[in-house]
Amino acid sequence: MASVNKVILIGNLGKDPEVRHLEGGVAVARFPIATSETFKDRNGAKQERTEWHNIVLWRGLAEVAEKYLRKGQSVFIEGRIRTNNYQDKDGIQRYSTEIVADNMTMLGGKSDGSNNGGSNGGYQESSASSSANNYSSAPSQSGASAGANDEPDDLPF
């Protein structure tokens, strides 16, 4: 039987991405994002629940995150769940769950003006193997022919 491991999140960065460069120059970025939901409890009082997700980006996506993402910004993440297990210093088995992103779109949000105002964009990990940056713009509207609508959208994002 086939299986699917797919995660889609829209949330806000909890801190700036931490980027490391591994042997061979491969970049890896890590940062948490928060997603929130509001609901009414049994008494009718409005409640909010925030969930934190650890995000991991590789190669070109990591480089884009390093350059453009900052704490507080909204981001759309598509990826898969990965759970790691390890033993801590006391020998206790521990688990950590992270989202390995295949696609990231910057949605804007809180900005201090240091990045180029309209830095929204979609980036997707490419399956092609090369030493170049493995990301490309997110696909445009399917079915639309090139030049069919050259006018920019009036959307605020």
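Residues numbered from 1 in each chain as written. Predicted model: local features only at pLDDT ≥ 70, side-chain atom pairs only at ≥ 80, totals over all residues. Heavy atoms only, no water.

Undergrad: Is there a simple way to think about the overall build of the protein in this case?
TA: Looking only at helices and strands, the protein features one helix and eight strands. Shown N-terminal to C-terminal, the secondary structure of the protein runs as helices and strands in the order β-β-β-β-α-β-β-β-β. Intrachain contacts of the protein at a sequence separation of at least 6 include 52% that bridge at least 24 residues. Carbon together with sulfur atoms contributes 46% to the accessible area of the protein, which is approximately 11100 Å² in total. (Helix = DSSP H or I, 4+ residues; strand = E, 2+ residues; numbered from the N terminus. Contact = heavy atoms within 4.5 Å. Areas by Shrake-Rupley, 256 points an atom, 1.4 Å probe, with all protein chains shown as cover.)

Undergrad: Could you clarify how one ought to interpret the side chain of E98 in this entry?
TA: You can see E98 is positioned in strand β6 (residues 93-109). E98 gets classed as buried once you look at its relative accessible area, which sits at 7%. Of note is the side chain of E98, whose polar atom sits 2.9 Å from the side chain of R30. A polar side-chain atom of E98 sits 2.5 Å from a polar atom in the side chain of R82. If sequence neighbours within four positions are ignored, E98 has contacts with R30, N54, V56, R80, I81, R82 and N84. (Buried < 20%, exposed > 50% of the residue type's maximum accessible area, 1.4 Å probe, protein only. Polar contact = N/O pair within 3.5 Å; in protein donor to acceptor, adjacent residues only side chain to side chain.)

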